[in-house]
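Below are the chains, spelled out letter by letter.
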Protein chains: 2
Amino acid sequence: MAANAEFRGMKVFLAQLNPHIGNFEANTARIVDALRRAGEQGADLAVFPELCVCGYPPRDLLEFDDFIRRCEASIDEIRRHTLQVAAIVGAPARNPDPRGKDLFNAAWLLHGGEVKAVVHKTLLPTYDVFDEYRYFEPAYAWQVVPFRGHRIALTVCEDIWNLGDDPLYRVSPMDRLMAEHPDLMVNISASPFSYGHDADRRAVVRGNVLRYGLPMVYANAVGAQTEIVFDGGSLVYDDAGGLVAALSCFREDEALVDTADLYPSRAAGRSAPGPMATDGPAAPPSAPPDILRHLADAQHIAQVREALLLGIRDYFSKMGFRSAIIGSSGGIDSAVTLALACEALGPANVRAVLMPSPFSSGHSVDDALELSRLLGNPCDVIPIAGPYDSLLHTLSPVFGDTPFGIAEENLQSRIRGNLLMAVANKFGHILLNTSNKSELATGYGTLYGDMAGGLSVLGDLYKTQVYALAEDINRRHGTIPANILEKAPSAELRPNQRDSDSLPDYPVLDPVLFLYIEGRLGPAQIAAAGNDTALVGRILRMVNANEYKRNQFCPIIRVSGKAFGVGRRMPIVARHLS
Amino acid sequence: MAANAEFRGMKVFLAQLNPHIGNFEANTARIVDALRRAGEQGADLAVFPELCVCGYPPRDLLEFDDFIRRCEASIDEIRRHTLQVAAIVGAPARNPDPRGKDLFNAAWLLHGGEVKAVVHKTLLPTYDVFDEYRYFEPAYAWQVVPFRGHRIALTVCEDIWNLGDDPLYRVSPMDRLMAEHPDLMVNISASPFSYGHDADRRAVVRGNVLRYGLPMVYANAVGAQTEIVFDGGSLVYDDAGGLVAALSCFREDEALVDTADLYPSRAAGRSAPGPMATDGPAAPPSAPPDILRHLADAQHIAQVREALLLGIRDYFSKMGFRSAIIGSSGGIDSAVTLALACEALGPANVRAVLMPSPFSSGHSVDDALELSRLLGNPCDVIPIAGPYDSLLHTLSPVFGDTPFGIAEENLQSRIRGNLLMAVANKFGHILLNTSNKSELATGYGTLYGDMAGGLSVLGDLYKTQVYALAEDINRRHGTIPANILEKAPSAELRPNQRDSDSLPDYPVLDPVLFLYIEGRLGPAQIAAAGNDTALVGRILRMVNANEYKRNQFCPIIRVSGKAFGVGRRMPIVARHLS
């Protein structure tokens with residue numbers, strides 16, 4: 001920091017909150033409450049996440065003037081509680097220039113009941129799940145924020161992600177800010193979870209510290225907003241790159257740091273480390289065995305489990321729902337979904353429904369019953385033979401003597417969807433979907449049947465990952481019967497059906513899907529990575545031809561770098577086009 | 001134009017094509033074929049729409065390097081056919097600067113087998129259905145393109161929409177280009193239809209002509225890409241603002257113009273008209289009676305009808321589908337959907353299925369049968385009483401003695417969805433959905449039941465507009481029985497049910513919905529426009545609480561300025577939040 005006789009450090013309170021989109025009363029109350037706690041701990045400044053006043057991502061709610069007024073009213077309310085402790089909070093700010101977008105994505109410094117500074121975000125993520133350029137004008141001026149003897153380089157989320165030569169960006173707001181000689185970096189973020197991304201985030205935060213030789217306070221949001229999970233993990237690094245604080249992942253947390261402790265390099269008279277290259281994220285794997293190892297990596301799977309639990313829990317709590325219903329087939333997908341739901345919501349709040357058909361094997365019902373016995377959740381058995389016969393009879397004048405086929409298979413799946421929704425509607429449950437990413441990718445599922453549900457728990461996990469997650473769960477709780485783990489996957493919609501009748505084996509399928517969906521490679525490149533050319537063509541055609549099904553699918557809790565849904569926007573093209 | 005002794009005009013061929021996203025072979029063949037026709041007519045230059053090489057909007061296909069290579073291969077193929085006639089075609093271009101997005105949205109001038117110029121789009125629409133900033137870097141340099149003695153101000157779509165002081169834009173690429181003294185403006189567009197938007201488009205094109213005193217050749221795309229309809233209507237204006245050519249709307253078309261005919265102002269020795277303000281679009285109505293008039297306006301409805309016919313036709317032809325299936329209830333929504341589908345696909349390719357329940361009135365079946373008799377399309381009657389009883393019986397151990405309610409209502413609707421999908425799967429039909437915008441807005445529909453389908457025909461029409469469209473259809477064909485027009489709307493899922501039991505009357509409901517959805521007003525503003533405050537609150541809560549249902553709905557043919565679906569991105573927030 002600049003030599004300053006008066007400098008005596010300040011106490012910064014990191015408030016890693018879980019906001020709720022559009023719930024201004026609750027968000028404001030939480031912020032005000034955190035300010036009170038910060039005051040009790042002697043803090044000078046409390047730092048809150050990006051857009052925490054309205055919740056992130058507010059999407060097109062930002063286009064409603066009424067919504068922006070409510071953001072402004074919340075800021076008004078919060079600033080009245082900053083007589084003692086100052087606050088840095090994220091909220092939209094209006095763009096006074098009539099040209100360009102109406103809003104900025106801003107960090108507000110509130111103190112003494114006043115708005116002291118409003119800093120605009122420069123780098124607006126507009127890729128994957130992000131649409132910021134849809135709403136926000138990028139900042140085009142950069143100034144440090146003076147506060148309590150500090151000169152703060154205050155930025156919002158992505159603004160710290162351009163470490164000099166990242167080709168994604170044309171501007172480095174941090175480089176611009178350095179022209180104003182700051183002595184402290186503060187970044188407020190809403191950086192979503194994907195497995196392994198926490199390491200990138202630490203590298204970026206520390207990379208800024210090493211590049212600029214300044215400490216950084218990094219406040220990230222936590223909590224799930226429908227499909228997007230924010231994992232928290234807020235950080236404080238000192239000017240030597242030492243980790244001073246690391247907040248919890250996947251839950252609200254807070255910490256108090258004294259900036260006087262953040263300058264060991266300068267205290268020791270050493271010069272700051274100065275610009276320094278940091279390792280970028282590791283290159284994604286491309287050979288099939290490496291991909292399978294990457295997908296099933298134990299550390300990734302453990303993170304995914306926590307993200308899914310938070311995703312389920314927040315979906316229910318924020319929507320005001322209490323209980324879930326799940327179709328329990330005796331297969332591994334429904335078993336893992338059920339186990340996670342029981343852990344997230346409590347077994348008493350999760351109703352399993354077994355719906356055997358004439359083609360269900362006896363062990364399926366037994367395995368599903370055993371699963372619910374081990375989990376301790378209520379379950380019902382509702383056989384579908386009666387409705388199936390009745391529907392076939394009703395359809396017989398139309399179907400005539402056509403042979404059994406896909407229509408009859410889907411009929412069973414849709415009877416199950418109807419029964420689950422009927423019980424859900426009758427008792428106020430929410431149907432959790434059990435489809436996995438491999439099935440969704442290839443269209444191996446029935447619209448309005450097993451694709452029904454309000455939230456997809458496993459839709460961003462390849463089948464390979466579902467197995468790894470089942471093993472992770474069993475290491476913790478042992479609640480998934482071995483039979484369920486060991487049987488060959490089957491939809492049981494015709495006699496002796498196996499997934500492998502229609503799909504390549506999952507260890508062959510999943511790496512191809514990964515290279516296409518996460519890697520966005522073309523068929524020739526995927527084949528060159530060690531996959532059979534004809535098989536690659538067949539798999540890619542399945543993925544493309546089933547876009548129309550995924551288009552009607554429910555939100556999927558996002559755990560990977562590229563999930564189906566809002567972050568992957570593909571046109572529905574002709575079925576014959578690859 | 002600049003005084004130029006050699007100038008003798010050139011012949012420009014406008015090719016208003018209907019591209020197919022990702023169908024490079026077909027698109028290239030059509031472009032090459034149009035170049036051949038242009039040559040036969042003595043053209044010097046053929047002008048094609050924005051991104052016509054790959055189809056618009058390609059969405060995340062643009063993130064696949066393989067897709068961009070196929071665009072480049074198409075450009076290579078097309079340029080080999082420009083030995084005689086030059087071509088201006090739309091295709092992505094790679095950004096050689098490693099910073100920023102990987103691509104530009106570009107207009108390519110091809111001639112003599114070579115790429116003569118590549119012009120980048122500056123103003124990238126990133127609102128409503130558009131995501132261009134997700135993929136493209138904006139142009140940051142502007143140069144005219146010399147060709148055959150002309151100096152062409154060549155732009156892409158939105159680049160002409162900043163008429164000097166439009167607050168949406170920070171840059172006017174046209175103003176920048178004028179510094180280079182062009183003598184002709186050429187714009188290639190993919191500008192989607194919404195009712196009334198054609199007048200805005202003419203005003204903008206002519207506004208540029210009057211502002212800069214130069215003629216403009218404006219080539220727009222035509223055709224539907226799933227939900228987005230491009231209506232064509234390409235234009236040529238002379239330098240005095242006179243309309244020289246106006247191509248057809250809603251179908252492929254072409255025209256040849258001689259630029260020697262485009263300079264009447266200069267030929268007459270008059271100075272160009274110079275910058276001139278043009279009327280912006282009319283302010284949207286706010287009083288309920290004005291809104292109802294606006295929605296049911298005969299000219300709007302006639303355009304909407306053509307857009308829906310094109311939307312149905314292109315969805316089927318591009319996806320490779322032949323026949324549709326529709327649940328025919330005897331109500332107005334299914335009647336209008338059926339009439340449109342019969343006109344678009346031919347009555348023999350549209351199968352109506354009547355599925356009376358124990359609560360259906362006798363006249364419903366009679367009316368639906370009469371409708372199909374008048375339309376001449378095949379229909380089946382499949383009563384649902386048997387499956388309904390069977391499902392209720394199957395559920396009775398779970399339902400116990402709970403009273404009849406929403407679960408039993410939805411059960412019937414989902415049996416119909418299952419039957420329709422079963423017949424569709426058996427015979428290869430595509431289910432067309434019959435929900436209207438008022439129902440979708442308020443959540444008055446059953447997920448996986450009457451909300452099922454591959455494409456929604458009426459989902460962007462308020463009920464008020466469905467009535468107006470029915471009248472328009474009857475003026476043309478007289479195919480919708482009077483009974484269907486006159487009966488009170490009902491879902492017929494319980495005895496004597498009426499829509500008005502659950503919803504305000506449509507003439508009260510629709511204006512409130514319009515002010516909220518199209519107008520994005522808050523509750524106080526909507527009430528101030530002449531609507532009951534409590535009712536406004538109730539309606540807005542219904543709209544917000546049902547986001548989760550619309551999230552799983554099929555693509556909706558877009559005919560308004562704000563349709564549900566890809567152009568309206570709302571978070572799924574708590575049901576209790578307004």
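1. With respect to the relation of the copies chain A and chain B
When chain A is fitted to chain B, the residual RMSD is 0.0 Å, and the transformation amounts to a turn of 180° plus an axial shift of 0.0 Å. Within this description, the copies of the chain are treated as partners about a two-fold rotation axis. Residue Gln552(A), judged by its C-alpha, is the member of chain A lying nearest the rotation axis, at 2.2 Å. Interface overlap between copies is the fraction of interface residues in one copy that are interface residues in the other; for chain A against chain B it reaches 100%, indicating a shared surface.

2. Description of the interface of chain A and chain B
How big an interface is tends to be stated in terms of accessible area lost as the parts join. Every contact between the two is made by 76 residues of chain A and, on the other side, 76 residues of chain B. Among the secondary structure elements, those contributing two or more residues to the side of chain A that touches chain B are helix 2 (65–79), helix 3 (132–135), helix 8 (298–319), helix 11 (385–399) and helix 12 (406–427) of chain A. Looking at the side of chain A that touches chain B element by element, the count peaks at 14 residues for helix 12 of chain A.

3. A closer look at the domain arrangement of chain A
All names here are of chain A. Domain assignment breaks chain A into domain 1 (11–267) and domain 2 (297–499). The C-alpha-based centres of domain 1 and domain 2 are spaced at 40 Å. Every contact between the two is made by 11 residues of domain 1 and, on the other side, 10 residues of domain 2. Within the residue set of the side of domain 1 that touches domain 2, elements represented by two or more residues are strand 10 (222–225) and strand 11 (228–231). The residue inventory of the side of domain 1 that touches domain 2, partitioned by class, reads six nonpolar, four polar and one charged.

4. A look at helix 12 of chain A
The end-to-end C-alpha distance of helix 12 of chain A, which contains 22 residues, comes to 32 Å, matching closely the 32 Å that a straight helix rising 1.5 Å per residue would cover. Looking one or two residues beyond helix 12 of chain A, the residue adopting positive phi is Gly428(A), at roughly 80°.

5. Things to note about the pairing of strand 8 (residues 184–189) of chain B
Residues and elements named next belong to chain B. The buried fraction of strand 8 is high, at six of six residues. Going residue by residue along strand 8, you find Leu184, Val186 and Ile188 tucked away on one face and Met185, Asn187 and Ser189 tucked away on the opposite face as well. Sheet topology note: the strand 7 (residues 150–156)/strand 8 ladder contains five bridges and is parallel. If you follow Val156 over to strand 8, its bridge partner there is Ile188. Between the parallel pair strand 8 and strand 9 (residues 216–220), the chain is carried across by helix 5 (residues 197–212), and the sense of this crossover is right-handed.

6. A word on the sheet that holds strand 17 (residues 379–381) of chain B
Residue and element names in this part refer to chain B. Across the sheet, five strands lie side by side as 17-16-15-18-19; this open sheet has parallel pairing. The open sheet has two free edges, formed respectively by strand 17 and strand 19 (455–456), since each of these has just one partner strand. Relative to strand 19, strand 18 (residues 429–433) runs parallel, the two being bridged by two bridges. Paired with Asn433 across the bridge in strand 19 is Ser456. The sheet strands contacting helix 9 (residues 332–345) are strand 15 (323–327), strand 16 (350–354) and strand 18, and the helix crosses strand 15 at an angle near 170°.

7. Examining the environment of Pro146(A)
Residue placement: Pro146(A) occurs in strand 6 (residues 145–147). Sequence spacing of Pro146(A) and Asp510(A) is 364 residues, and the spatial spacing of their C-alpha atoms is 52 Å.

8. Considering helix 2 (residues 65–79) of chain B
Residue and element names in this part refer to chain B. For helix 2, spanning 15 residues, the distance from its first C-alpha to its last is 21 Å, which sits close to the expected 21 Å at 1.5 Å a residue. For helix 2, every residue scored as buried is listed here: Ile68, Cys71, Ser74, Ile75, Ile78 and Arg79. For helix 2, the buried positions fall inside an angular range of 130° around the axis, keeping them on one side. On its buried face, helix 2 sits against helix 1 (24–40), strand 3 (86–94), strand 4 (103–111) and strand 5 (114–120).

Cut-offs used in this document
- Residues numbered from 1 in each chain as written.
- Chains lettered and ligands numbered in written order.
- Predicted model: local features only at pLDDT ≥ 70, side-chain atom pairs only at ≥ 80, totals over all residues.
- Least-squares fit on C-alpha atoms with pLDDT ≥ 70 in both.
- Contact = placed C-beta atoms within 7 Å.
- Helix = DSSP H or I, 4+ residues; strand = E, 2+ residues; numbered from the N terminus.
- Domains from an automatic or database assignment.
- Nonpolar A, V, L, I, M, F, W, Y, C, P; charged D, E, K, R; others polar.
- Expected span 1.5 Å × (residues − 1).
- Buried ≥ 20, exposed ≤ 12 C-beta atoms within 10 Å, placed from the backbone.
- Pairing = 2+ DSSP bridges.
- Right-handed = clockwise from strand over helix to strand, strands pointing away.
- Axes fitted to C-alpha atoms, helices over the stretch in contact; angles between N-to-C directions.
- Arc of directions from axis to C-beta.

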